[in-house]
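# An overview of the molecular structure
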Amino acid sequence: MTRYFRLVLIALVSIAFIGCEMFDKKTESFSQSDLHGLWLEEGTRHYVRFLSEKADTATFEWGKEWDVAQKVTEDKLVYHGNGWFKYELKENKLKEIHMMDNDGAVIYQGYVVTLLTGKRLEYYKEGYKNEKQYYNKVVQ
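Residues numbered from 1 in each chain as written. Predicted model: local features only at pLDDT ≥ 70, side-chain atom pairs only at ≥ 80, totals over all residues. Heavy atoms only, no water.

Here we come to the confidence of the model for the protein. On average, residues of the protein score 84 in pLDDT, and 79% of them are at 70 or above. When pLDDT is averaged over each helix and strand of the protein, the minimum, 57, is found for helix H1 (residues 2-24) and the maximum, 97, for strand S1 (residues 37-41). (pLDDT = per-residue confidence, 0-100. Helix = DSSP H or I, 4+ residues; strand = E, 2+ residues; numbered from the N terminus.)

So, in structure tokens, the structure goes:
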């Protein structure tokens, strides 16, 4: 009986430690203002500009993206049309809502930010942890 009691006690203590460790993990938190500026995706000619201009909601701001390799430049983007998106960063979750010119369609994209500094941005699309995207800030 004593041996059984010890095994149960060890099991309960182990479960308690594992449970505490799981709840103790903190989510990384990044500031939306750190995103502001122009970013170039590493190894490509794909640019993303995160603006500080508020979108139509209190927490979302405007952004735009274009790919020079596809002969698209920032000045060719239609204001709040293709290439424009609204974004919000809360803790490490980056939400983007892309506007489309045709029929006013919107496309939601969610990302998990793993690194954000004054020079470097790294994230992956939700559900695709092994496919990270890397950006370097472009000094203007």
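With that settled, consider the environment of Ile107. Among the structural elements, Ile107 can be located in strand S6 (residues 106-116). Look at Ile107 and you get partly exposed, because its relative accessible area is 40%. A C-alpha to C-alpha distance of 8.1 Å links Ile107 and Glu96, two positions eleven residues apart in sequence. In contact with Ile107, other than residues within four places in its own chain, are Glu96, Ile97, His98 and Met100. (Buried < 20%, exposed > 50% of the residue type's maximum accessible area, 1.4 Å probe, protein only. Contact = heavy atoms within 4.5 Å.)

Quick look at the sheet that holds strand S7 (residues 120-125) now. Read around the barrel, eight strands follow the order S1-S2-S3-S4-S5-S6-S7-S8 and close on themselves; strand pairing throughout is antiparallel. Taking the axes of each pair of neighbouring strands and ignoring which way they run, one obtains an average angle of 35 degrees across the sheet. Of the pairings in the sheet, the one linking S1 to strand S2 (residues 46-54) comprises four bridges and is antiparallel in character. In the strand pairing of S2, Leu40 is matched with Tyr47. (Pairing = 2+ DSSP bridges. Axes fitted to C-alpha atoms, helices over the stretch in contact; angles between N-to-C directions.)

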